[in-house]
Amino acid sequence: MRTPLVAANWKMHKTVQEAQAFLQVFRGLTEDVTGVDIVIAPPFTALTAVVAGVQGSSIAVAGQDAYWQAEGAFTGAISPSLLAHTGATHVILGHSERRNLFGDTDESVNKKMSAAIAFGLTPIFCVGETLEERDRGEALVVLTRQIRRGLDGLSGEQVASLVVAYEPIWAIGTGHNATVDQAGNAHAHIRGILRERFDTGAAESCRILYGGSVKPGNVREIVAQPEIDGALVGGASLDPKSFFEIVAGGRATTV
Ligand code: PGA
């Protein structure tokens, strides 16, 4: 049985003080919540403060990206090793904003995946098609390519413990989430590729999250889909009460 996971992607939001204020409220709300894993991905500047702020809870902390080199002359980049040393345990890789705005490719994401795993981080590996690709009927082809290339060279054991996030690009930050059928089909397809490329055990253990305009009002019907193991949440994760409601909704219907 896969434990549901709900992850907050704060993107380029929240100062240290704002992150601390969030945690003060959020920790109080989630004190008694069980049966769901919670991850928060703050901007790099608030990582250390968030790691300190979740001490004594089961909330895990993620980076929003990492370069594949361990250290060196790479101005502006953060390595998986630096991330791990802050106390972060997860890292979002291949987010569509990194792919579209900062030049990430399937190949660079693949290098980042291997490096992150080598440094003991759990990747939250993002895939998803554009609206044009969906309209051309190519959504599943795009997902197949992203998964095959992004996970190239990984072992079944490594795939078993990673997290995949299906985020249709047209649903991110737009208020238009995928229908449960669209998401359910994409998730079943992704699990099918994992089964074919790796093995059934890896495919069954790997958690596949849905992301794209997840809110307190739609999380329950989304995670009620058998192949959807939780959510990656952007905008609606910035408010502690809203994110708590999504965590509670993610828990209620998938265990
Ligand atoms: P959104 O973002 O929830 O604001 O649509 C999701 C994401 O980009 O991870």
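Just so we're clear, the structure is a prediction, and the values are computed from it rather than from any experiment.

**Student:** Let's hear about empty space enclosed by the protein: which residues, and what values?
**Tutor:** On inspection of all chains with the given rule, the structure shows one cavity of 30 Å³ or more. Quantified by volume, the largest cavity comes out at close to 40 Å³. Gly94, His95, Ser96, Arg99, Cys126, Val127, Gly128, Gln146 and Glu167 are the residues that line the largest cavity. Mapped onto the lining of the largest cavity, the elements with two or more residues apiece are helix H4 (96-101) and strand E5 (122-127). In terms of residue class, the lining of the largest cavity is built from two nonpolar, five polar and two charged.

**Student:** Can you break down the site of the ligand residue by residue, with the values?
**Tutor:** Lining the immediate surroundings of the ligand are 13 residues, of which Lys11, His95, Glu167, Gly173 and Ser213 lie closest. Between the ligand and the protein, one listed contact pairs an oxygen atom with a backbone N or O atom of Gly234 at 2.8 Å. When atoms are counted within 2 Å of each cavity's grid points, the one that captures over half of the ligand is the second largest pocket. For the shell around the ligand, the per-class residue count stands at four nonpolar, seven polar and two charged.

**Student:** So what's going on with the sheet that holds strand E7 (residues 207-211)? Residues and values would help.
**Tutor:** With respect to topology, eight strands assemble into a closed barrel ordered E1-E2-E3-E4-E5-E6-E7-E8, the strand pairing being parallel. For this sheet, the mean inter-axis angle between neighbouring strands, taken without regard to orientation, is 25 degrees. Strand direction decides the pairing type here: E5 and strand E6 (residues 163-166), joined by four bridges, are parallel. In the strand pairing of E6, Phe125 is matched with Val164. Against the sheet, helix H9 (residues 180-197) engages E5, E6 and E7, with an angle of about 150 degrees to E7.

**Student:** Any details on helix H1 (residues 16-30)? Residues and values, ideally.
**Tutor:** The end-to-end C-alpha distance of H1, which contains 15 residues, comes to 21 Å, matching closely the 21 Å that a straight helix rising 1.5 Å per residue would cover. Looking only at H1, the buried set comprises Ala19, Phe22, Leu23, Phe26 and Thr30. All buried residues of H1 project into a common sector of 105 degrees when viewed along the axis, lining one side. For H1, the exposed residues set more than 90 degrees away from the buried face come down to Gln17 and Gln24.

**Student:** I'd like a description of the layout of surface pockets, backed by residues and values.
**Tutor:** The gaps left among the atoms become clear once a water-sized probe is rolled over them. Considering only enclosed or pocket space, the largest pocket measures out at about 550 Å³ in volume. Taken together, 22 residues make up the lining of the largest pocket; nearest its centre are Phe44, Gln64, Asp65, Arg98 and Phe102. If you list the elements that add at least two residues to the lining of the largest pocket, you get H4 and helix H5 (106-118). Per element, the largest residue contribution to the lining of the largest pocket is three residues, and it comes from H4.

**Student:** Go over unusual backbone geometry with me, naming the residues and quoting the values.
**Tutor:** A positive phi is found at Lys11, a non-glycine position, where the angle reads about 50 degrees. If you trace the backbone, Lys11 turns up in the loop between strand E1 (5-9) and H1. A positive phi angle, near 60 degrees, is found at Ser213, a position not held by glycine. By secondary structure assignment, the location of Ser213 is in the loop between E7 and helix H11 (219-223).

**Student:** Go over the packing of H5 against helix H7 (residues 139-150), please, and point to the residues and values.
**Tutor:** At a minimum axis distance of 8 Å, the contact between H5 and H7 shows a crossing angle of 40 degrees. Taken together, the axes of H5 and H7 are oblique relative to one another. When you trace H5 past H7, the crossing you get is right-handed. The segment H5 lies against H7, with Asp106, Glu107, Asn110 and Met113 engaging Arg145, Gln146, Arg149 and Gly150. Residues that form the contact of H5 with H7 fall into these classes: one nonpolar, three polar and four charged.

Scoring rules and cut-offs
Residues numbered from 1 in each chain as written. Predicted model: local features only at pLDDT ≥ 70, side-chain atom pairs only at ≥ 80, totals over all residues. Heavy atoms only, no water. 1 Å grid on protein atoms, 1.4 Å probe; cavity = no way out; pocket = protein on both sides within 12 Å on 5 of 7 lines; lining within 4 Å. Points joined across faces, edges and corners; volume = space filled by probe spheres on them. Helix = DSSP H or I, 4+ residues; strand = E, 2+ residues; numbered from the N terminus. Nonpolar A, V, L, I, M, F, W, Y, C, P; charged D, E, K, R; others polar. Near = heavy atom within 4 Å. Polar contact = N/O pair within 3.5 Å; in protein donor to acceptor, adjacent residues only side chain to side chain. Sits in = over half its atoms within 2 Å of the grid points. Pairing = 2+ DSSP bridges. Axes fitted to C-alpha atoms, helices over the stretch in contact; angles between N-to-C directions. Contact = heavy atoms within 4.5 Å. Expected span 1.5 Å × (residues − 1). Buried < 20%, exposed > 50% of the residue type's maximum accessible area, 1.4 Å probe, protein only. Arc of directions from axis to C-beta. Parallel < 35°, antiparallel > 145°, perpendicular 65-115°, else oblique. Left-handed = near helix turned anticlockwise from the far one by under 90°.

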